[in-house]
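Given next are the chains, with one letter for each unit.
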Amino acid sequence: MLQLREPASARPGMTFHQMLERIRYEGAYPTRERAEDVTRAVLGALGRQVTGDERVELAACLPTEAALAFTSQIPDPQQLTGWGFVKDLATRTGATPAMARWDTGTVLTAVGHLAGPDLLDRILNQLPSGYALLFGRAELIRAA
């Protein structure tokens, strides 16, 4: 049965400035610039993991500047687990793994809000284990 989905662009969104302010507040970052640096790093890392229709739909849900940071990265053929994602981000940014985990959770929770539950479910089904927690959701075991 063909299931029609609401176009991502039809969902109410937020501006990049509003997104950064939310991330700054939720992450307790001292400046907007720090929140922006973290946001761009996490979105770039996520852009290396998400592919297909979900990549296109997620980009459409994000403010333009965020979508550009997300789509600026070519998807990596070897997907990382959630913990691998955090370790890779820590290595690329020079942050500790604990700080990279904090940054990831802060940004991806905001991204998940913009994506909505249906798209986020499809993204999580595409990714290896460990990402649900990064998006602020419980990690459920998939049925075999």
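Residues numbered from 1 in each chain as written. Predicted model: local features only at pLDDT ≥ 70, side-chain atom pairs only at ≥ 80, totals over all residues. Heavy atoms only, no water.

Novice: Quick question: what am I supposed to make of the overall build of the protein here?
Specialist: What the protein contains, in helices and strands, is 8 helices and 0 strands. Reading the protein from its N end, one meets helices and strands in the order α-α-α-α-α-α-α-α. In the protein, once contacts between residues fewer than 6 apart in sequence are set aside, the share between residues at least 24 apart is 66%. Here the protein has roughly 8000 Å² of accessible surface; of this, 57% comes from carbon and sulfur atoms. (Helix = DSSP H or I, 4+ residues; strand = E, 2+ residues; numbered from the N terminus. Contact = heavy atoms within 4.5 Å. Areas by Shrake-Rupley, 256 points an atom, 1.4 Å probe, with all protein chains shown as cover.)

Novice: When you look at the nonpolar core in this model, what are you seeing that I'm missing?
Specialist: Soluble globular proteins: nonpolar side chains tend toward being buried together. M19, L43, L46, L58, L62 and V111 are the most contacted members of the largest nonpolar core, which has 40 residues in total. If you list the elements that add at least two residues to this core, you get α1 (16-27), α2 (32-47), α3 (52-61), α4 (64-71), α5 (82-93), α6 (97-115), α7 (117-126) and α8 (131-134). Setting aside chain neighbours within four positions, we find V111 in contact with M19, L43, L46, L58, L62 and F135. (Core = buried A, V, L, I, M, F, W, Y, C linked by side-chain atoms within 4.5 Å. Buried < 20%, exposed > 50% of the residue type's maximum accessible area, 1.4 Å probe, protein only.)

Novice: Teacher, can you tell me more about the packing of aromatic side chains here?
Specialist: Within this structure, the stated rule accounts for 1 aromatic pair. Relative to Y131, the ring of F85 has its centre 5.5 Å away and its plane inclined at 65°; by these criteria the two rings are edge-to-face. With F85 in helix α5 and Y131 in helix α8, this pair connects stretches of sequence that are 46 residues apart. Residues F85 and Y131 agree in their burial class; the two are buried. Sitting above the plane of the F70 ring, R55 keeps its charged end 5.3 Å from the centroid. (Phe/Tyr/Trp six-rings, centres within 6.5 Å; stacked < 30°, edge-to-face > 60°. Lys NZ or Arg CZ within 6 Å of the ring centre and 35° of its normal.)

Novice: Help me out: how do you make sense of the pattern of salt bridges in this one?
Specialist: Pairs may arise between side chains of opposite charge once their charged atoms sit close together. Applying the stated rule across the entire model yields 8 salt bridges. Between D103 and R34 there is a salt bridge, with its nearest N and O atoms 3.7 Å apart. Taken together, the residues span a long stretch of sequence, with D103 in helix α6 and R34 in helix α2 at a distance of 69 residues. Assessed through its relative accessible area of 5%, D103 is described here as buried. For R34, a relative accessible area of 32% translates into the label partly exposed. Between R48 and D88 there is a salt bridge; the shortest N-O distance is 3.8 Å. Highlighted residues: R48 in the loop between α2 and α3 and D88 in helix α5, separated in sequence by 40 residues. One connected set of salt bridges, linked through shared partners, spans R32, E36 and R40. (Salt bridge = Lys/Arg side-chain N within 4 Å of Asp/Glu carboxyl O.)

Novice: What's the story with the confidence of the model for the protein in this structure? I'm lost.
Specialist: Fine structural detail should not be taken from predicted coordinates in areas where pLDDT scores are low. Put simply, the protein has an average pLDDT of 91, and 88% of its residues get 70 or more. Across residues 1-11 the pLDDT falls below 50, and counting only partners more than four positions away or on other chains, this stretch makes 9 contacts in the model. (pLDDT = per-residue confidence, 0-100.)

Novice: What am I meant to see in the packing of α1 against α2 here?
Specialist: A packed helix pair is summarised by two numbers, namely the angle formed by the two axes and the spacing between the axes. Remark: α1 packs on α2, axes separated minimally by 9 Å, with the N-to-C direction vectors making an angle of 100°. It follows that α1 is roughly perpendicular to α2 by the angle criterion. Across the interface between the two elements, F16, H17, M19, L20, E21, I23 and R24 of α1 pack against R32, A35, E36, T39, R40 and L43 of α2. The class makeup of the residues in the contact of α1 with α2 is 6 nonpolar, 2 polar and 5 charged. (Axes fitted to C-alpha atoms, helices over the stretch in contact; angles between N-to-C directions. Parallel < 35°, antiparallel > 145°, perpendicular 65-115°, else oblique. Nonpolar A, V, L, I, M, F, W, Y, C, P; charged D, E, K, R; others polar.)

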